[in-house]
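The primary structure of each chain is shown beneath.
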Amino acid sequence: MNIITLLTPKEKTFFLDSHATIRQALEKYDYHKFTVVPLIDKEGHYVTTLSEGDILRYIKNNCNFDLEIAESQTVDLIEKYRPYKALDISSSIRDVIKLLYEQNFIPMIDDRGMYIGIIKRKGIIQYLNEKIKKL
């Protein structure tokens, strides 16, 4: 199986610029209701993921935190507790399934490290369900 058929392309995913401000991240999280998102650099390379928990821990550890600070500090300053691993688009379906035990989605990159989209756990479950129905 070619895993590209399971890919949700970049333009249909929610991601943040790795130099977005914390306030921008908070506003996007609030609007989109996601809990973990990929961070992408200015050139489009996958950097890491950022979770709501990462932001909350940062706020907790910075007791004088307020929205003015949130407008001046960028998300790349936040320590990532459990960043999601990305896979290359040439990875096998076994690699994808193995990683989805640990992650809700897998950021996918091309051979240049450019972010091209995600594979969702839900997509794999749907794929496997269709396979079972055909048995």
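Let us look at the structure shown here. (Residues numbered from 1 in each chain as written. Predicted model: local features only at pLDDT ≥ 70, side-chain atom pairs only at ≥ 80, totals over all residues. Heavy atoms only, no water.)

### Comments concerning the side chain of T8
Link 1 in the chain: Inspection of the secondary structure puts T8 in strand β1 (residues 7–9).
Link 2 in the chain: With near-sequence residues (within four places) excluded, T8 lies in contact with T13, I116, G117, I118 and K120. (Helix = DSSP H or I, 4+ residues; strand = E, 2+ residues; numbered from the N terminus. Contact = heavy atoms within 4.5 Å.)

### Side note on the sheet that holds strand β4 (residues 46–51)
Link 1 in the chain: Strand order in the open sheet formed by three strands is β2-β3-β4, and the pairing between neighbours is mixed. Both outer strands of the open sheet, β2 (16–17) and β4, are each paired with one neighbouring strand and no more.
Link 2 in the chain: In the sheet, strand β3 (residues 36–40) pairs with β4 via five bridges, with the strands oriented antiparallel. Of the residues in β4, the one forming a bridge with I40 is Y46. (Pairing = 2+ DSSP bridges.)

### Looking at the pairing of β4
Link 1 in the chain: The buried count for β4 comes to five of six residues, which makes it a mostly enclosed element.
Link 2 in the chain: Hairpin geometry of β3 and β4 is characterised by an intervening segment of five residues between the two adjacent antiparallel strands and by a positive phi of about 105° at G44. (Buried < 20%, exposed > 50% of the residue type's maximum accessible area, 1.4 Å probe, protein only.)

### Some words on the side chain of T13
Link 1 in the chain: Mapping T13 onto the fold places it in the loop between β1 and β2.
Link 2 in the chain: Using a relative accessible area of 15% as the deciding quantity, one classes T13 as buried.
Link 3 in the chain: Of the polar contacts made by the side chain of T13, one reaches the backbone oxygen of K10; its length is 2.8 Å.
Link 4 in the chain: Of the polar contacts made by the side chain of T13, one reaches the side chain of Y115; its length is 2.8 Å.
Link 5 in the chain: When neighbours within four sequence positions are excluded, T13 is seen to be in contact with T8, Y115, G117 and I118. (Polar contact = N/O pair within 3.5 Å; in protein donor to acceptor, adjacent residues only side chain to side chain.)

### Side note on the packing of aromatic side chains
Link 1 in the chain: As enumerated under the stated definition, the model contains four aromatic pairs in all.
Link 2 in the chain: Where F14 meets Y29, the ring centres are 6.3 Å apart and the plane angle is 85°; that geometry is what we call edge-to-face. Here F14 is found in the loop between β1 and β2, whereas its partner Y29 is found in helix α1 (residues 22–32), with 15 residues between them in sequence.
Link 3 in the chain: Seen in terms of ring centroids, Y84 and F105 are 4.9 Å apart; in terms of plane orientation they differ by 50°. Their pairing is tilted. Residue Y84 is found in the loop between α3 (67–72) and β5 (87–88), and its partner F105 is found in strand β6 (residues 105–109); the two are separated by 21 residues along the sequence. (Phe/Tyr/Trp six-rings, centres within 6.5 Å; stacked < 30°, edge-to-face > 60°.)

### Digging into α1
Link 1 in the chain: Residues of α1 that are buried: I22, A25 and Y29. For α1, the angular spread of the buried residues around the axis is 60°, confining them to a single face. Turned more than 90 degrees from where α1 packs its buried face, D30 and Y31 sit exposed.
Link 2 in the chain: Where α1 is buried, its residues touch β2, β3, β4, α2 (52–61) and α3. (Arc of directions from axis to C-beta.)

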